[in-house]
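Observations on the three-dimensional arrangement
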Amino acid sequence: MEGVVAGLTSPSGAPGDPSGAPGDAASLEKAGAAAMNAVEGSTILSVQSENGGRLWEVQLAGSDGTERLVEVDTSGKVISSPRSKDTGEEEKSRVMGIVKDAEVTFKDAVEKVSSSVPQGKITHLSLDRYNGNLLVWDADVVAPDGAWQGLKVDAKTGTVTKNG
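Because the structure is predicted, anything quoted here is derived from the model rather than measured.

Along the chain, Gly53 turns up in the loop between β1 (43–50) and β2 (55–61). The exposure class of Gly53 is buried, given its relative accessible area of 6%. C-alpha separation for the pair Gly53 and Thr123, spaced 70 residues apart in sequence, amounts to 9.1 Å.

Okay, structure coming up:
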């Protein structure tokens, strides 16, 4: 699969609660940390908003490349047991290569995207290879005026480029 390997999308929080605001960097990091605590020794591969932003589906890579899915609610509480995805040895190897090659962490990518679109809400953040070998964190952000922006963070250098 050449598609998204790591992504992030946020849930909704209580009005006025910056730690639970949809797409808020602190909220995104909280969901990622909760998922990683649920799957010891894992690396975030994706987080996707589900149920109208009420929960996140977080995809993780275990130390052997096994992909696992965990759901986290808006408070950062894990609400589902980790489910393994049976992807086969070739995909496990590919995932481990991406994890090994990424020098920019999930948290660093969240911070870079957040600083590139101040007050924007991150709706997706994913790690994948593009154009054959370019490893990037791919992000979707909704600006305060409602406009969508796509960004890529080079997973080696941290350079941010905007797609739209």
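With that out of the way, let us pick up the nonpolar core. Val72, Leu125 and Trp137 are the most contacted members of the largest nonpolar core, which has 31 residues in total. When contributions to this core are tallied by element, the ones reaching two or more residues are α1 (25–38), β1, β2, β3 (67–73), α3 (106–116), β5 (121–130), β6 (134–142) and β7 (148–154). Of all the elements, α1 adds the most residues to this core, at five residues.

This brings us to the packing of α1 against α3. Two elements in contact, α1 and α3, have axes separated by 10 Å at closest approach and are oriented at 165°. Considering the angle they form, α1 stands roughly antiparallel to α3. Here α1 and α3 pass one another in a crossing that is right-handed. The segment α1 lies against α3, with Ala25, Leu28, Glu29 and Gly32 engaging Phe106, Lys107, Val110, Glu111 and Ser114. Across the contact of α1 with α3, the residue classes break down as four nonpolar, two polar and three charged.

With 14 residues, α1 extends 20 Å between its outermost C-alpha atoms, agreeing within 8% with the 20 Å of an ideal straight helix rising 1.5 Å per residue. Along α1, the residues that are buried comprise Ala25, Ser27, Leu28, Ala31, Gly32, Ala34 and Ala35. The inward-facing, buried residues of α1 contact β1, β2, β3, α3 and β5.

Across all of its chains, the model carries one aromatic pair by this definition. A cation over an aromatic ring shows up here: Lys152 above the ring of Tyr130, its NZ or CZ 4.1 Å from the ring centre.

Another point: the sheet that holds β2. The strand order across the open sheet formed by eight strands is β4-β3-β2-β1-β5-β6-β7-β8, and the pairing between neighbours is antiparallel. Of all the strands in the sheet, the pair left with one neighbour each is β4 (83–85) and β8 (160–162). Along the sheet, successive strands turn relative to each other by an average axial angle of 30°, direction set aside. Relative to β3, β2 runs antiparallel, the two sharing seven bridges. Of the residues in β3, the one forming a bridge with Trp56 is Val72. Relative to β5, helix α2 (residues 89–101) is tilted by about 110°, and along the sheet it contacts β1, β2, β3, β5 and β6.

Each value, and the rule that gives it
Per chain, residues are indexed from 1 in the order of the written sequence. Local features in a predicted model are, by the rule used here, given only for residues with pLDDT of at least 70; side-chain atom pairs are given and counted only at 80 or more, and totals for whole chains, interfaces and linings are based on all residues. Processing note: side-chain calculations cover all non-hydrogen atoms of the structure and skip hydrogens and water entirely. Helix numbers and strand numbers start at the N terminus; a helix is a DSSP run of H or I with at least 4 residues, a strand a run of E with at least 2. Each residue's exposure class comes from its accessible area (1.4 Å probe, protein chains only) as a fraction of the maximum for that residue type: buried when under 20%, exposed when over 50%, partly exposed otherwise. The term nonpolar core refers to a set of buried residues drawn from Ala, Val, Leu, Ile, Met, Phe, Trp, Tyr and Cys, joined through side-chain atoms within 4.5 Å. Angles run from 0 to 180 degrees between N-to-C directions of axes, and those axes are lines fitted to C-alpha atoms, restricted for helices to the stretch in contact. Throughout this description, any angle smaller than 35 degrees is read as roughly parallel, any larger than 145 degrees as roughly antiparallel, any in the 65 to 115 degree range as roughly perpendicular, and the remainder as oblique. Take the far helix as your reference; a near helix turned counterclockwise from it by less than a right angle gives a left-handed crossing, and one turned clockwise gives a right-handed crossing. In what follows, a contact means two residues having at least one pair of non-hydrogen atoms within 4.5 Å. Each residue is assigned to one class: nonpolar for Ala, Val, Leu, Ile, Met, Phe, Trp, Tyr, Cys and Pro, charged for Asp, Glu, Lys and Arg, and polar for all the others, Gly among them. Helix span, expected: 1.5 Å multiplied by one less than the number of residues in the helix. Working definition: a ring pair exists when centres of Phe, Tyr or Trp rings (six-membered ring for Trp) sit within 6.5 Å. Plane angles under 30 degrees give stacked, over 60 give edge-to-face, the rest tilted. Sitting over a ring, as applied to charges here, requires NZ of Lys or CZ of Arg to be within 6 Å of the ring centre and within 35 degrees of the ring normal. Strands were regarded as paired on the criterion that DSSP finds at least two bridges between them.

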